[in-house]
Amino acid sequence: MLPLPPSVVREQWSAHNPGLDTSPMEVVALLKRIVALFDEAVEPLYDGAPLTNPELDVLVPLRYADEPAIARRLADNMGISRAGMSKALAKLEKRGFIERAPNPADRRAALVTVTPAGKEAIDGLFPRQLAVEAELLTGLGEDRARVVDALALLAGVMERRLSEGPIPPTANTGTAPSE
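Residues numbered from 1 in each chain as written. Predicted model: local features only at pLDDT ≥ 70, side-chain atom pairs only at ≥ 80, totals over all residues. Heavy atoms only, no water.

Student: Sorry, what's going on with the layout of surface pockets here?
Tutor: If you roll a probe as big as a water molecule over the atoms, it shows you where there is empty space left. Of the volumes computed, that of the largest pocket is approximately 690 Å³. The set of elements that each furnish at least two residues to the lining of the largest pocket consists of α2 (24–42), α3 (53–63), α4 (71–78), α5 (82–94) and α6 (116–137). Taken together, the residues of the lining of the largest pocket break down into 12 nonpolar, six polar and six charged. When its volume is computed, the second largest pocket comes out at roughly 550 Å³. Considering the residues around the second largest pocket, the lining is formed by 19 residues, among which Leu30, Leu31, Ile34, Val147 and Leu151 are closest to the centre. Every element with two or more residues in the lining of the second largest pocket is listed here: α2, α6 and α7 (144–163). Classifying every residue of the lining of the second largest pocket by side-chain character gives 17 nonpolar, no polar and two charged. (1 Å grid on protein atoms, 1.4 Å probe; cavity = no way out; pocket = protein on both sides within 12 Å on 5 of 7 lines; lining within 4 Å. Points joined across faces, edges and corners; volume = space filled by probe spheres on them. Helix = DSSP H or I, 4+ residues; strand = E, 2+ residues; numbered from the N terminus. Nonpolar A, V, L, I, M, F, W, Y, C, P; charged D, E, K, R; others polar.)

What follows is the structure, given as structure tokens:
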């Protein structure tokens, strides 16, 4: 069974919960769909590859870094937990793609660098991933700049709101549509 289009899901929620603001679904559903389409497009690149897509995401910022990175900064920049980053780095280190060294300035923070094997793996996969992503975006044509501007606006709005502190849950949650 195919998932319902976001507009239909929004209509269902609105019909059963008339006081519930379902307008965020327009943006969020599109963002989730876009991410899913990118993932679907690049997935074949990783069949039998030395890295997974999330591992490549960890390594790409390190590839041409001027100095070793601190794991917690990587985690914060990528929006993942420090424990999740530590686990990912441990796997990459075990397979010889990164090295971790104690940070002389902070014993709690490891310094992370990419090994030659890691560089080779990145250099083999990342250009291919970029080519697939570029192919997906070719249809944008002249609208590309508008899309980039709109996404930058969205990211900026969200970052500013999150910098103000946690978003409190609302009392108006309604109920799920009946099946």
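Still to come is the rest of the account.
Student: What's the story with a negative patch on the surface in this structure? I'm lost.
Tutor: Negative charge collects at one region of the surface, where Asp39, Glu40, Glu43, Asp47 and Asp57 lie side by side. For Asp57, a relative accessible area of 38% corresponds to the partly exposed category. (Patch = residues over 30% accessible without salt bridge, like charges linked within 9 Å, V, L, I, M, F, W, Y side chains within 5 Å. Areas by Shrake-Rupley, 256 points an atom, 1.4 Å probe, with all protein chains shown as cover. Salt bridge = Lys/Arg side-chain N within 4 Å of Asp/Glu carboxyl O. Lys, Arg positive; Asp, Glu negative; His and termini not counted. Charge placed at Lys NZ, Arg CZ, Asp CG, Glu CD. Buried < 20%, exposed > 50% of the residue type's maximum accessible area, 1.4 Å probe, protein only.)

Student: In this structure, what is going on with the pairing of strand β3 (residues 106–114)? I would like to understand it.
Tutor: Sheet faces and side chains relate simply in a regular strand, where the side chains alternate between the two faces. Two strands pair when backbone bridges link them, and strand β1 (residues 69–70) and β3 are joined in this way by two bridges, in the antiparallel orientation. Paired with Ile70 across the strands is Leu111, a residue of β3. Summarising the sheet, strand β2 (residues 98–103) and β3 pair through six bridges and their orientation is antiparallel. Along β3, the bridge assignment pairs Ala101 with Leu111. A loop of two residues connects β2 with β3, the two strands running antiparallel in sequence. (Pairing = 2+ DSSP bridges.)

Student: Would you mind going over the confidence of the model for the protein with me for this structure?
Tutor: Caution applies to low-pLDDT regions: their predicted coordinates should not be interpreted in detail. In the predicted model, the protein carries a mean pLDDT of 90, and 94% of its residues have values of at least 70. Mean pLDDT values over the elements of the protein span from 87, in helix α1 (residues 6–16), up to 97, in α6. Considering only residues more than four positions removed or in separate chains, one finds that residues 174–179, a stretch of pLDDT under 50, has nine contacts. (pLDDT = per-residue confidence, 0-100. Contact = heavy atoms within 4.5 Å.)

Student: Explanation requested: the sheet that holds β3 in the structure shown.
Tutor: In a beta sheet, neighbouring strands are held together by backbone hydrogen bonds and run either parallel or antiparallel to one another. On the basis of which strands lie adjacent, the open sheet formed by three strands has the order β1-β3-β2 and antiparallel pairing. Edge positions in the sheet fall to β1 and β2, since each has one partner strand and no second. α5 contacts β2 and β3 of the sheet and is inclined by roughly 120 degrees relative to β2. (Axes fitted to C-alpha atoms, helices over the stretch in contact; angles between N-to-C directions.)

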